[in-house]
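Here is how the chains run, residue by residue.
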Amino acid sequence: MNKNQELIESLVYDTAVRGCSNVSEDSLAVLQEAAEKESSPKAKAILQAMLDNVAIAKENHGAICQSPGYPTCWLSFGDDNMPLNVAQTVRRAIVDGTQNGILRPSLVDAITRKGDGKNSGTTIPNMEYEYVPGQKYVDFYISLKGCGAEWKNYFTVMSPAQFGEDFSGLKRIILETALRAGGKPCTPFAMGIGLGGQMDVAAKLSRKGVSVRKWNDENPDPTLRRWEHELKDQINSLGIGAAGIGGDTCCLAVKIEKAETHTAILPVAINFHCWVARRAGVRIYDDGRAETLL
């Protein structure tokens, strides 16, 4: 048990509430940038309406979007500092947010299609844990990714013959997926791409990349950094635009994460994230200091 258990529970609760009720600053920054440079008057008006929507929701303590999103959390810890009750604390924050009108009660059982009206099922939130030897702090992130964007997610397993020069085959699949999606992922979107592992690994990488990384950061891997910029520009050149009505920006960011895989395959998971980026993160050091990550 972490010696800062009470502090961690308090900060996790506050971070989860912040994630439920606000669009992260990095996401707002790229959305604002897109609005400022948009050349289509109609698309510009839609982008501005999105920014106004966030401001009004914040001022009135209301829901940003009709979808409550699906809550996923990432918790990393080191030696002798794993905190307890994190999932329960997050669940409590989500229930409170739902009852306070910040989140719509839309999460249901996969088979019965019935929910408890509080977004509080036994598998909510989805928790991903990581032990990092020697880490002297706890990192906690929460993401409530809207489920409308899920409709156009895509997964495939490529063979080496399909890679192409400079992975042109992979890039073509990504562009074709964006083109098929059109405006349906609540454009403008960010795109998370997971490469490697098997199906489950690629899918987790695609979700984590677009949820935990800042949308205006730079990938430390030079090849992936180049691909992210290249793909973002190419997707925007498709002319899909905000809400799919045409314009300069339908893609706010591309985030690529990779893992080792078998020599015969390349699993590829493409994960759309709508512009409503309800994400938050906090780091709690073993000495009790804390800092906001997202």
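Just so it is clear, the structure is predicted and the values come from calculations on it, not from any experiment.

Caption draft 1: Region of interest: the overall build of the protein chain. Counting its secondary structure elements, the protein chain contains eight helices and nine strands. Taken over C-alpha atoms, the radius of gyration comes to 19 Å for the protein chain, in line with the 19 Å a tight globule of 294 residues would show. Considering only C-alpha atoms, the protein chain reaches an extent of 50 × 50 × 40 Å along its principal axes. Classification of the 294 residues of the protein chain by burial places 50% in the buried group. Restricting to contacts in the protein chain with at least 6 residues of sequence separation, those with at least 24 account for 81%.

Caption draft 2: Focus on the side chain of Arg279. Here Arg279 shows up in strand 8 (residues 278-285). By relative accessible area, Arg279 is classed as buried at 1%. In terms of polar contacts, Arg279 uses its side chain to reach the side chain of Asp26, at 2.6 Å. Here Ser27 takes part through its side chain, which lies 2.8 Å from a polar atom of the side chain of Arg279.

Caption draft 3: Representation of the packing of aromatic side chains within the structure. Per the counting criterion, the structure on display carries five aromatic pairs. Taken together, a centroid distance of 6.0 Å and an interplanar angle of 40 degrees make the contact between Phe77 and Tyr131 tilted. A residue pair is termed long-range when its members are at least 10 positions apart, and Phe77 in strand 1 (residues 70-77) and Tyr131 in strand 2 (residues 126-131) qualify at 54 residues. On the accessibility criterion, Phe77 (10% relative accessible area) is buried. A centroid spacing of 5.4 Å and a plane angle of 50 degrees characterise the contact between Phe167 and Trp227, whose relative ring orientation is tilted. Of this pair, Phe167 sits in the loop between helix 5 (160-163) and helix 6 (168-181) while Trp227 sits in helix 8 (residues 222-236), and the two are 60 residues apart along the sequence. With a relative accessible area of 28%, Phe167 lands in the partly exposed category. Put simply, the rings of Phe163, Phe167 and Trp227 touch in pairs and so form one group of aromatic residues. Looking at Arg289, its charged tip hangs above the ring of Tyr285, at a distance of 4.0 Å from the centre.

Caption draft 4: Molecular detail of the pattern of salt bridges. A full pass over the atoms with the stated rule returns 15 salt bridges. Residues Asp26 and Arg279 are paired through a salt bridge, measuring 2.6 Å at the closest nitrogen-oxygen approach. Separated by 253 residues along the polypeptide, Asp26 in helix 2 (residues 25-37) and Arg279 in strand 8 bring together distant segments of the chain. A relative accessible area of 7% places Asp26 in the buried class. The salt bridge involving Asp166 is made with Lys171; its shortest N-O contact spans 2.9 Å. What makes Lys171 buried here is its relative accessible area of 8%. Connected via shared salt-bridge partners are Arg213, Asp217, Glu228, Lys255 and Glu257.

Caption draft 5: Just helix 8, in detail. Helix length check: helix 8, at 15 residues, gives a terminal C-alpha distance of 21 Å against a target of 21 Å (1.5 Å per residue), a fit within 8%. Taken residue by residue, helix 8 has Leu224, Trp227, Glu228, Leu231, Ile235 and Asn236 as its buried positions. The arc that holds every buried residue of helix 8, seen down its axis, measures 150 degrees, which confines them to one face. When the buried face of helix 8 is taken as reference, the exposed residues oriented beyond 90 degrees from it are Pro222 and Asp233. Buried-residue contacts for helix 8 involve helix 6, strand 5 (189-195) and strand 6 (251-258). In this structure Asp221 caps helix 8, since a side-chain oxygen of it lies 2.9 Å from the backbone nitrogen of Thr223.

Caption draft 6: Local environment of a nonpolar patch on the surface. Nonpolar side chains collect at one region of the surface, where Phe155, Val157 and Met199 lie side by side and expose about 270 Å² of accessible area between them. Position of Met199 among the secondary structure elements: in helix 7 (residues 199-212).

Definitions and limits used
- Residues numbered from 1 in each chain as written.
- Predicted model: local features only at pLDDT ≥ 70, side-chain atom pairs only at ≥ 80, totals over all residues.
- Heavy atoms only, no water.
- Helix = DSSP H or I, 4+ residues; strand = E, 2+ residues; numbered from the N terminus.
- Rg over C-alpha atoms; globule rule 2.2 N^0.38 Å.
- Buried < 20%, exposed > 50% of the residue type's maximum accessible area, 1.4 Å probe, protein only.
- Contact = heavy atoms within 4.5 Å.
- Polar contact = N/O pair within 3.5 Å; in protein donor to acceptor, adjacent residues only side chain to side chain.
- Phe/Tyr/Trp six-rings, centres within 6.5 Å; stacked < 30°, edge-to-face > 60°.
- Lys NZ or Arg CZ within 6 Å of the ring centre and 35° of its normal.
- Salt bridge = Lys/Arg side-chain N within 4 Å of Asp/Glu carboxyl O.
- Expected span 1.5 Å × (residues − 1).
- Arc of directions from axis to C-beta.
- Patch = residues over 30% accessible without salt bridge, like charges linked within 9 Å, V, L, I, M, F, W, Y side chains within 5 Å.
- Areas by Shrake-Rupley, 256 points an atom, 1.4 Å probe, with all protein chains shown as cover.

None of the figures reported here should be taken as evidence of function without further support.
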